[in-house]
Amino acid sequence: RKIGYAIVGLGSYATRQIMPNFVGCEHSRIVALVSGTPAKLEQYGAQYGVPKTHWYNYGNFDRIRDNPDIDAVYIILPNSMHAEYTVRAAQAGKHVMCEKPMAISVAECETMIAACRKAGKKLMIGYRSRFEQYNRLAIELARGGHVGPTQIITAEHGFYARPNQWRLDRPLSGGGSLMDIGIYSLNATRYLTGEEPVEVVASESTDKSDPRFATVEDRINFLLRFPSGVAATCVSSYSSAHNSYRVIGTQGYIDMEPATPYEGHSMRIRKDGQVTQRTLPPAAKTQWAGQLDHLSEAILNGTDVIVPGEEGLADMRVIEAIYRSAREGRAVKVQA
Ligand code: NAD
């Protein structure tokens, strides 16, 4: 059986990445669409063979409760809308896949987890890199001490954010580059170590005369200290283009550049002075098909997902500590 998904929000990521990747899924299919724009429902309804009876808008969204074809919803809306739609979906008796960042505060994340738990439904966050083979290998190598025990991780993520979009509007985004792209640096340090950071030190650099940054931050750099002693140095930016991380151990390093792109991952390892490029054969499934089928299989088999709401919450706890550290100019402990 294939799990039926309602796609909530027919924007760029939904229509260019998520929806086209259902074709590579074994256990997932699109069965319903949710949008405030009737023309998009017409267009994508025709393209994906979703009949009018399975089209919804934000007003009548709760009626998904009465549609047994919908097992799960995939929320691909601006960040500040994730919590509301996750709670409404759980209350309608549906499992939830929610995009990153999970929400815009720790309190919202906790509410979402509680709502899904109460409804007895799964909640998974769209951390696609966990289903991408180079990142999976990097995790295995880093945690396995391939270049010696990890000492330092550097992680850099940024892109030039064009003006006039919800990402730069705090009520919708919840914050600037950290919420959107710096979260990849943060999440990578957590999955590469398998640990939770205990303390952060952060510093923000935002040109307030740039109209893009009236309400959100541009660059925010942060240091993370992990219980094992690993130190991470991370970059988050809306003004510079980079996508990489490096795991540095006692014998060398694992370099990923680009580390978390849609495609074209590249891994280079330096060990005991010897440099090698690691090239993997094409994956059987794209990272998106892997992500979608992971939730579907968890629903079908009653198993746990590897990136549940608790993962989104853990990132959000660190994000709040990073903002606080930058604001107050001091090291901040991460609340456990
Ligand atoms: P987008 O602007 O292209 O799409 C957002 C959609 O939400 C649009 O269709 C818009 O019409 C709809 N919407 C509904 N109510 C809205 C409102 N009040 N204001 C603005 N838009 C509203 O954005 P996107 O790039 O598709 O991002 C959507 C989500 O997906 C975000 O949470 C983002 O972080 C996430 N995302 C994840 C990845 C990834 O690689 N995992 C990549 C891109 C985006």
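Conventions adopted
- Residues numbered from 1 in each chain as written.
- Predicted model: local features only at pLDDT ≥ 70, side-chain atom pairs only at ≥ 80, totals over all residues.
- Heavy atoms only, no water.
- Phe/Tyr/Trp six-rings, centres within 6.5 Å; stacked < 30°, edge-to-face > 60°.
- Helix = DSSP H or I, 4+ residues; strand = E, 2+ residues; numbered from the N terminus.
- Buried < 20%, exposed > 50% of the residue type's maximum accessible area, 1.4 Å probe, protein only.
- Contact = heavy atoms within 4.5 Å.
- Polar contact = N/O pair within 3.5 Å; in protein donor to acceptor, adjacent residues only side chain to side chain.
- Near = heavy atom within 4 Å.
- Nonpolar A, V, L, I, M, F, W, Y, C, P; charged D, E, K, R; others polar.
- Domains from an automatic or database assignment.
- Buried area = accessible area lost by both parts, 1.4 Å probe.
- Salt bridge = Lys/Arg side-chain N within 4 Å of Asp/Glu carboxyl O.

S.K.: When you look at the packing of aromatic side chains in this model, what are you seeing that I'm missing?
M.R.: Think of a pair of aromatic rings as described by two things: how far the centres are apart, and how the planes are tilted against each other in angle. For the coordinates displayed, the defined rule picks out six aromatic pairs. Ring centres of Tyr58 and Tyr85 lie 5.6 Å apart, and the angle between their planes is 75°; on these two criteria the pair is classed as edge-to-face. Linking Tyr58 in the loop between strand S3 (55–56) and strand S4 (72–75) with Tyr85 in helix H3 (residues 82–91), this pair joins segments that are 27 residues apart in sequence. Under the relative-accessibility criterion, Tyr85 is labelled buried at 4%. Considering the side-chain rings of Tyr262 and Trp288, the 5.3 Å spacing of their centres and the 70° angle between planes classify their relative orientation as edge-to-face. With Tyr262 in the loop between strand S12 (252–256) and strand S13 (267–271) and Trp288 in helix H8 (residues 287–301), the pair connects residues that are 26 residues apart, well separated along the chain.

S.K.: Just checking my understanding: could you explain helix H5 (residues 133–143) for this structure?
M.R.: Every buried residue of H5 is accounted for by Tyr134, Asn135, Leu137, Ala138, Ile139, Leu141 and Ala142. Next to the buried residues of H5 lie strand S7 (150–158), helix H7 (177–193), strand S11 (242–249), S12, S13 and strand S14 (274–278). Capping the start of H5 is the job of one residue whose side-chain oxygen sits 2.9 Å from the backbone nitrogen of Tyr134: Glu132.

S.K.: Please explain the site of the ligand as it appears in this structure.
M.R.: Neighbouring residues of the ligand: 23 residues in total, closest Ser12, Asn79, Arg128, Trp166 and Arg167. Contact between the ligand and Leu77: an oxygen atom at 3.1 Å from a main-chain N or O atom of the residue. Listing elements by their share of the shell around the ligand, those giving two or more residues are helix H1 (12–18) and H7. Residue composition of the shell around the ligand, grouped by class: twelve nonpolar, five polar and six charged.

S.K.: What is the right way to read the domain arrangement of the protein from this model?
M.R.: Interface size, as often reported, equals the accessible area lost upon joining of the parts. By the assigned domains, the protein splits into domain 1 (3–127 + 287–305) and domain 2 (133–281 + 316–333). Contacts between domain 1 and domain 2 engage 16 residues on the former and 16 residues on the latter. Buried surface at the junction of domain 1 and domain 2, both sides included, amounts to about 1400 Å², of which 60% is carbon and sulfur. Linking domain 1 to domain 2 there are two salt bridges. Among the ionic pairs, Asp180 bridges to Lys100, the shortest N-O distance being 3.5 Å. In this structure, the connection of domain 1 to domain 2 is made through eight residue pairs in polar contact (both at pLDDT 80 or more). At three residues, the largest contribution of residues to the side of domain 1 that touches domain 2 is made by helix H4 (residues 106–119). Residues belonging to the side of domain 1 that touches domain 2 are distributed by class as follows: nine nonpolar, five polar and two charged.

S.K.: Would you mind going over the environment of Lys94 with me for this structure?
M.R.: Mapped onto the elements, Lys94 comes out in the loop between H3 and strand S5 (95–98). For the pair Lys94 and Ile70, spaced 24 residues apart in sequence, the C-alpha separation works out to 7.3 Å. Excluding residues within four positions of it along the chain, Lys94 makes contact with Ile64, Arg65, Asn67, Ile70, Asp71, Ala72, Val73, Ala89 and Lys121. A distance of 3.3 Å separates a polar atom in the side chain of Lys94 from the backbone oxygen of Ile64.

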